[in-house]
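Structural description and commentary
Here are the chains, one letter per residue:
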Amino acid sequence: MGDYIVRATAAEGQIRAFAIDSRNIVETAREKHDTSPVVTAALGRLLTAGAMMGIMMKGDKDLLTLQIKCSGPVKGLTVTADAKGHVKGFADVPQVMLPPNAKGKLDVGGALDLGVLSVIKDLGLKEPYVGQTELKTGEIGDDLTYYFASSEQIPSSVGLGVLMDRNNTVKQAGGFILQLMPFASEEVISSLEKKLTAMESVTDYLERGFTPEQLLEELIGEFGVEFSERTDASFSCNCSKERVEKAIVSIGRKELNEMVQEGKPIEVTCHFCNRAYEFAVEDLKKILIRSK
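Here the focus is the overall build of the chain. Along the chain, the regular secondary structure elements total ten helices and 13 strands. Computed over C-alpha atoms, the radius of gyration of the chain comes to 21 Å, within 12% of the 19 Å expected from 2.2 N^0.38 for 292 residues, which places it in the range of a compact globule. Taken along the three principal axes of its C-alpha coordinates, the chain extends 70 × 45 × 35 Å. The 292 residues of the chain split such that 48% are buried. In the form shown here, the chain has an accessible surface area of approximately 14,700 Å², with 49% of it arising from carbon and sulfur atoms. Of the side-chain charges in the chain, 34 are positive and 42 negative, and the distance between the mean point of each set is 7 Å.

Before going further, it helps to examine the side chain of Ser118. As for its placement among the helices and strands, Ser118 is situated in strand S6 (residues 115–122). Residue classification places Ser118 among the buried positions, given a relative accessible area of 8%. Among the polar contacts made by the side chain of Ser118, one reaches the side chain of Gln132 at a distance of 2.8 Å. Those residues in contact with Ser118 that lie beyond four places of it in its chain are Thr65, Leu66, Gln67, Gly131 and Gln132.

Further remarks concern the sheet that holds strand S10 (residues 226–232). For sheets, the rule is that strands pair by backbone hydrogen bonds, running either parallel or antiparallel. Strand order in this open sheet of five strands is S8-S9-S2-S1-S10, and the pairing throughout is antiparallel. Pairing within the sheet leaves two strands with one partner each, and these edge strands are strand S8 (156–164) and S10. Strand-to-strand twist across the sheet, computed as the mean angle between neighbouring axes with direction ignored, equals 10 degrees. Bridge count between strand S1 (residues 4–10) and S10: six bridges; the pairing is antiparallel. Following the sheet pairing, Val6 is matched in S10 by Arg230. Set on the sheet, helix H5 (residues 186–198) makes contact with strand S2 (15–21), S8 and strand S9 (170–180); between it and S9 the angle comes to about 160 degrees. Where helix H7 (residues 212–220) meets the sheet, it contacts S1, S2, S9 and S10, and its direction lies at approximately 145 degrees from that of S2.

Every buried residue of H7 is listed here: Pro212, Leu215, Leu216, Leu219 and Ile220. Seen end-on, H7 carries its buried residues on one side only, within an arc spanning 100 degrees.

So, about the environment of Lys195. Mapped onto the secondary structure, Lys195 falls in helix H5. Its relative accessible area of 24% is what places Lys195 among the partly exposed residues. Sequence-distant contacts of Lys195, that is, excluding residues within four places in its chain, are made with Glu218, Leu219 and Glu222. A distance of 3.2 Å separates a polar atom in the side chain of Lys195 from the backbone oxygen of Glu218.

Moving on, we come to the sheet that holds strand S11 (residues 234–235). With mixed pairing, six strands are arranged side by side in an open sheet as S7-S6-S3-S4-S5-S11. At either margin of the open sheet sits one strand with a lone partner, and together these are strand S7 (129–134) and S11.

Okay, unusual backbone geometry next. In this structure, Glu12 is a non-glycine residue whose phi angle is positive, near 55 degrees. Relative to the elements of secondary structure, Glu12 occurs in the loop between S1 and S2. Residue Asp34 is not a glycine yet carries a positive backbone phi of 50 degrees. By the secondary structure assignment, Asp34 is in the loop between helix H1 (23–33) and helix H2 (37–54).

What counts, and at which threshold
- Residues numbered from 1 in each chain as written.
- Predicted model: local features only at pLDDT ≥ 70, side-chain atom pairs only at ≥ 80, totals over all residues.
- Heavy atoms only, no water.
- Helix = DSSP H or I, 4+ residues; strand = E, 2+ residues; numbered from the N terminus.
- Rg over C-alpha atoms; globule rule 2.2 N^0.38 Å.
- Buried < 20%, exposed > 50% of the residue type's maximum accessible area, 1.4 Å probe, protein only.
- Areas by Shrake-Rupley, 256 points an atom, 1.4 Å probe, with all protein chains shown as cover.
- Lys, Arg positive; Asp, Glu negative; His and termini not counted.
- Charge placed at Lys NZ, Arg CZ, Asp CG, Glu CD.
- Polar contact = N/O pair within 3.5 Å; in protein donor to acceptor, adjacent residues only side chain to side chain.
- Contact = heavy atoms within 4.5 Å.
- Pairing = 2+ DSSP bridges.
- Axes fitted to C-alpha atoms, helices over the stretch in contact; angles between N-to-C directions.
- Arc of directions from axis to C-beta.

This is the structure in structure tokens:
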């Protein structure tokens, strides 16, 4: 079965919720970037969150970028998502090896360490919206929970999980986002907080075979959950030779001319999907002519 996201409300609209099964997305990213287990977990969590946050946007051409710049050995993560369930991403340093953390889990917090999380929304306006927050734990779910509260003033709970198999492939991946609306009652807020305090980890539920729908039933079923939408989700990169050509033009005529003079083909690799595009010297000459 392919990955998908469900959208729901509960408590007569006082809670809005999203949940996703993202195992295929995270495994595709692992394959494309040959990430180590701890980087797979870190990038996988951000991809999982990005896919859910992407479908929160309304416009077909709206784009969301989640970017982490950090002092840990992974250096940074970048994820881009649209409103249709397409997401892609990469790690600055894909191969990082760290011992398990104190709980015996993959040390995502140690891989990231201190840093800044940026949320960039390109909604087709003159300037994109940019929200930033410091990394509080490096666990990504906690950091996004803090971002929603501090930058968007939306009390939220973000749960993300990636479980690796013994052969270092992705066994489970998924997550949820729960958000309280401004008119949520104290009773609902208190009951939800108690529920979240007592819950297991996301990967525990996924290991027990929970679907996104069942995950939300478990978390907010007592409030009368109503599902409104299901969206297929996938790792999808829209790179092409034409797009890469535009990037080559942007480096300037002087540099382009130097490439032609060297008389050697060049290869340009997409950061997001690792696809390589080769340009022969004749291609570069044509690009140089068109750039006049």
